[in-house]
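Okay, here's what each chain looks like letter by letter:
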Amino acid sequence: MHSPHPNQEKKSVNQADHTHNECKPSNKDLVQLLAEFVPKSQIIREVFIDSSALKNLPEKLLHHFGQSKVILIADENTWSAGGLAAQNELQKAGYVVEKLLFPANPQPRPTIETARTLSDELRSDNLIPVVVGTGVLNDLVKFAAFKAGKSYCCVPTAASMDGYASAGSVLSDQGFKITHNCAPPKLILIDLDILGAAPSAMSSWGYGDLAGKVPAGGDWIIADSLGLENIDKIAWPLVQGNLRLCLENPEGIRKGEPESLQSLIIGLLLTGLAMEFFGSSRPASGADHQIAHIWEMEHHQFNGQLVSHGACVSIGCLSTMALYEWLLQQPLERFAYNKSNYKTMEDKETEIQCLFREPEITRRALVETKKKHLESGQIEERIDQLKNVWPKLRNRLQNHLLPTTKLKYLLEAANAPIRAYQIGISEEHLKKTIRAARFIRSRYTILDLLDQTGLLDKALSEAQLPL
């Protein structure tokens, strides 16, 4: 974990004056907060946001990268959304432009193998990588550029996820989804017109990804209360301090209103910065993301299409919130631990082998689970600790969490899925996923608390899951 360190080179967030003046007070606060923290990034030099930002791409590249050949990386959809226009602007300014185009169907897979192949394409000395796209493309280019020793520019085409500004690339390695540490983009150029023209479903994915920070914060509060992972004084307020402001206008997200999309994208960027400053994804990711990652590792499809990360997180978020609402009704201060509920590492290994079919995923799950496994005596100590802190912990959680009914209303208004069947997940599949999710990360979440107390089965039976 580390705190942000200002770079000597001047870095900035630029917001066109007319856009800034038209912002609501909450948007002004978000713009100012982003302007305050971008200079503390070790890598990001500028975030430029405007309703016609793409016209500024040549001068921004010249300022931050110099006059070199540009390689535009996009897929067929994002090329139409912004890649072709970017090429035209750059060529008018005298840039030599190459393009690397992925197919839109089938979509490129976020795998380490694909990223390494792409890295070989980027190793030319005088080459500026510019990715025009969203989650998968950004993760691939981020990793590839880092391995090639390159700085790169990101032009998002939708407010669809929180990874644009993060120092991690979420890629599958032999089927196991993991966050690989690498550098964020040197320049992020966001054209609000492009975001507004994106399919509304993509904005809802970003909204779902951001909503997942609510239960993720609850998981961090638990870990903090048990002395396992202290809440960071920089990363926590960066994500949680304005989260409700970023979520307050879901109808505007659905309609593609510029101010609402601006608020959403800034909330997602602040989350990415928090992950860089903290040194891991803890500020942004808890049980909600672990649930989503299971479906992503399964390459889960619905209606012939891979289900997006944000849609998976939306259901993971509401599932975790249902477990929280159930947990908050339990008098854990009077909890009597039943030793017969204790699971040895051998018990967990058997369960892992039943839940996961791929050998590499099974192996990685075992590694992560062993990191946080407790022996019987340690479990009793943990439960005694939990009983002692529960009254205060429950109050902290109640003050932090939104009611599930409220969160469900917000997600539905943003056009995000609120029922598992909306992404092709059955009740049996959802409960199996929740059981499996606790094994894929060593990070402590509500799933570990329920498992260690022997309450997971009861919670899954009684909680109002989003079926």
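Residues numbered from 1 in each chain as written. Predicted model: local features only at pLDDT ≥ 70, side-chain atom pairs only at ≥ 80, totals over all residues. Heavy atoms only, no water.

Quick look at the layout of surface pockets now. By volume, the second largest pocket is sized at about 240 Å³. Those elements giving two or more residues to the lining of the second largest pocket turn out to be α14 (287-297) and α20 (427-437). In terms of residues, the lining of the second largest pocket owes the most to one element, α20, which gives 4 residues. The residue makeup of the lining of the second largest pocket, split by class, is 6 nonpolar, 4 polar and 4 charged. (1 Å grid on protein atoms, 1.4 Å probe; cavity = no way out; pocket = protein on both sides within 12 Å on 5 of 7 lines; lining within 4 Å. Points joined across faces, edges and corners; volume = space filled by probe spheres on them. Helix = DSSP H or I, 4+ residues; strand = E, 2+ residues; numbered from the N terminus. Nonpolar A, V, L, I, M, F, W, Y, C, P; charged D, E, K, R; others polar.)

Taking 1.5 Å per residue as the helical rise, helix α17 (residues 359-372) with its 14 residues ought to reach 20 Å, and the 21 Å between its terminal C-alpha atoms agrees with that figure. Listed as buried for α17 are Glu360, Ile361, Thr362, Arg364, Ala365, Leu366, Glu368, Thr369 and Lys372. Looking at the buried positions of α17, the neighbouring elements they touch are β7 (168-173), β8 (176-181), α14, α16 (345-355) and α21 (446-452). (Expected span 1.5 Å × (residues − 1). Buried < 20%, exposed > 50% of the residue type's maximum accessible area, 1.4 Å probe, protein only. Contact = heavy atoms within 4.5 Å.)

Applying the stated criterion to the full structure yields 24 salt bridges. Note that Lys213 and Asp162 form a salt bridge whose closest N and O atoms lie 2.5 Å from each other. Highlighted residues: Lys213 in helix α9 (residues 213-225) and Asp162 in the loop between β6 (153-156) and β7, separated in sequence by 51 residues. In this structure, Lys213 and Asp162 share a single accessibility class: buried. In this structure, Glu229 engages Arg282 in a salt bridge whose closest nitrogen and oxygen atoms are separated by 2.9 Å. Note that Glu229 is positioned in the loop between α9 and α10 (235-240) and Arg282 in the loop between α13 (258-278) and α14, a separation of 53 residues in sequence. (Salt bridge = Lys/Arg side-chain N within 4 Å of Asp/Glu carboxyl O.)

The element strand β9 (residues 187-191) is largely enclosed, with a buried count of 5 among its 5 residues. What you see with β9 is no split at all: Leu187, Leu189 and Asp191 on one side and Ile188 and Ile190 on the other are buried throughout. Where strand β2 (residues 46-50) and β9 come together, 5 bridges link them in parallel fashion. Residue Glu46 lies in a different strand from β9, and its bridge partner there is Leu187. By the bridge criterion, 2 bridges tie β6 to β9 in an arrangement that is parallel. From the neighbouring strand, Cys153 faces β9, where its bridge partner is Leu187. (Pairing = 2+ DSSP bridges.)

Moving on: the nonpolar core. With 131 residues, the main nonpolar core has Leu273, Leu323 and Phe356 as its most contacted residues. Looking at which element gives the most residues to this core, the answer is helix α15 (residues 309-327), with 12 residues. Setting aside chain neighbours within four positions, we find Phe356 in contact with Ile294, Ile361, Thr362, Ala365, Ala436, Phe439 and Ile440. Leu72, Tyr95, Ile128 and Cys153 belong to the second-largest nonpolar core, a separate cluster that totals 22 residues. (Core = buried A, V, L, I, M, F, W, Y, C linked by side-chain atoms within 4.5 Å.)

Pairing between strand β3 (residues 69-75) and strand β4 (residues 97-102): 6 bridges, direction parallel. Across the sheet, Ile73 pairs through a bridge with Leu100, a residue of β4. Chirality of the crossover, the property in question, places the unit of β3, helix α4 (residues 76-92) and β4 among those that are right-handed. (Right-handed = clockwise from strand over helix to strand, strands pointing away.)

Right, let's get into the packing of helix α3 (residues 57-65) against α4. Across the interface, α3 lies against α4 with an axial gap of 8 Å and an inter-helix angle of 65°. Regarding the angle of α3 to α4, the classification is roughly perpendicular. Where α3 abuts α4, its residues Leu57, Pro58 and Leu61 lie against Ala86, Glu89 and Leu90. (Axes fitted to C-alpha atoms, helices over the stretch in contact; angles between N-to-C directions. Parallel < 35°, antiparallel > 145°, perpendicular 65-115°, else oblique.)

Turning our attention to the environment of Pro331. Considering the arrangement of structural elements, one finds Pro331 in the loop between α15 and α16. Here the alpha-carbon distance between Pro331 and Lys408, two residues 77 residues apart in the chain, equals 26 Å.

What follows is about the confidence of the model for the chain. Mean pLDDT over the chain stands at 93; residues scoring 70 or higher make up 94%. For residues 1-10, every residue scores under 50 in pLDDT, and the model assigns this stretch 24 contacts once sequence neighbours within four places are set aside. (pLDDT = per-residue confidence, 0-100.)

When the terminal C-alpha atoms of helix α6 (residues 135-147) are compared, their 18 Å separation across 13 residues agrees well with the 18 Å that a helix rising 1.5 Å per residue should span. The buried fraction of α6 is high, at 10 of 13 residues. Considered for burial, the residues of α6 that qualify are Gly135, Leu137, Asn138, Asp139, Leu140, Val141, Lys142, Phe143, Ala144 and Ala145.

Geometrically, the link from Asn105 to Pro106 is a cis peptide bond, its omega value of 5° lying close to zero. Looking at the element boundaries, Pro106 is found in the loop between β4 and α5 (112-121). A positive phi angle, near 55°, is found at His299, a position not held by glycine. On the secondary structure map, His299 appears in the loop between α14 and β10 (301-302).

Another point: the packing of aromatic side chains. Where two aromatic rings form a pair, the distance of their centres and the angle of their planes describe that pair. Taken as a whole and judged by the stated rule, the model has 3 aromatic pairs. Ring geometry for Phe37 versus Phe277: centroids 6.1 Å apart, planes at 40°, classification tilted. Taken together, the residues span a long stretch of sequence, with Phe37 in helix α2 (residues 25-37) and Phe277 in helix α13 at a distance of 240 residues. For the pair Phe37 and Phe277, one class covers both residues: buried. Pairing Trp220 with Phe278 gives two aromatic rings, centres 5.1 Å apart and planes at 65°, and the pair type is edge-to-face. Of this pair, Trp220 sits in helix α9 while Phe278 sits in helix α13; the two residues are 58 residues apart in sequence, bridging distant segments of the chain. Phe278 matches Trp220 in its accessibility class, with the two residues each being buried. Cluster of aromatic residues (ring-pair linked, three or more members): Trp220, Trp236 and Phe278. Lys40 extends its terminal NZ or CZ atom over the ring of Phe37, reaching a point 4.6 Å from the ring centre. Taking the ring centre of Phe65 as reference, the NZ or CZ of Lys186 above it sits at 5.2 Å. (Phe/Tyr/Trp six-rings, centres within 6.5 Å; stacked < 30°, edge-to-face > 60°. Lys NZ or Arg CZ within 6 Å of the ring centre and 35° of its normal.)

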